[in-house]
Amino acid sequence: MNTFKADDRCCNCGRDYADHNYVENTLDQYRCPVQQYHSGYGGFYGGDPRLFSPGWEDATDEERENHRLACAAWDDAEAQGVTPKPEPCESGWQVIAGTNVHIFASQFGLGCYQIPIETFFEPLDAEREPWPWDEDDES
Ligand SMILES: [Zn+2]
């Protein structure tokens with residue numbers, strides 16, 4: 001049994017403990033109510049193309065058009081109530097001349113990506129900086 005209070009703050013999402021949802025079949029995991037993302041710049045990692053934004057200098061016109069078409073297909077599928085099939089990640093391992101090599105490829109060129117990550121309630125350390133929107137910090 002945990003000892004969290006309803007208004008204990010989460011260091012992953014900034015919300016109160018009471019806003020988190022219990023994950024069934026776990027002892028003490030409570031999913032954050034706000035989707036969190038790992039973000040960066042590079043190739044497309046696969047999945048939802050709308051979580052990728054091709055760069056203007058690092059993607060060709062063809063790659064930007066590939067991206068536009070993939071996003072439109074996802075929007076159309078969802079409008080019809082269909083869950084789209086995740087787009088592939090074209091990077092990966094291959095054996096070339098008996099050597100394992102990692103090949104980088106991105107059908108959408110280089111750009112900004114977001115990867116959804118699952119986060120769970122973790123109490124905010126009292127020693128950390130307060131959240132910028134924390135109304136209690138009016139000193
Ligand atoms: Zn949280």
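Cut-off values and rules
Residues numbered from 1 in each chain as written. Predicted model: local features only at pLDDT ≥ 70, side-chain atom pairs only at ≥ 80, totals over all residues. Helix = DSSP H or I, 4+ residues; strand = E, 2+ residues; numbered from the N terminus. Buried ≥ 20, exposed ≤ 12 C-beta atoms within 10 Å, placed from the backbone. Pairing = 2+ DSSP bridges. Axes fitted to C-alpha atoms, helices over the stretch in contact; angles between N-to-C directions.

Caption draft 1: The arrangement of the overall build of the protein chain in detail. Per the secondary structure count, the protein chain includes 1 helix and 7 strands. The helix and strand sequence of the protein chain, counted from the amino end, reads β-β-β-β-α-β-β-β. Per-residue burial for the protein chain yields a buried fraction of 14% across its 139 residues.

Caption draft 2: Seen up close, the sheet that holds strand β4 (residues 52-54). If you walk across this open sheet you meet the 3 strands as β3-β7-β4, and the pairing is antiparallel. The two strands at the open ends of the sheet, each matched to only one other strand, are β3 (36-42) and β4. Neighbour to neighbour, the strand axes of the sheet diverge by 15 degrees on average, direction disregarded.

Caption draft 3: The arrangement of the pairing of β3 in detail. Buried residues are scarce in β3, accounting for 0 of its 7 residues. With 7 bridges connecting them, β3 and strand β7 (residues 111-117) associate as antiparallel partners. Residue pairing in the sheet places Gly 40 in a bridge with Tyr 113 of β7.

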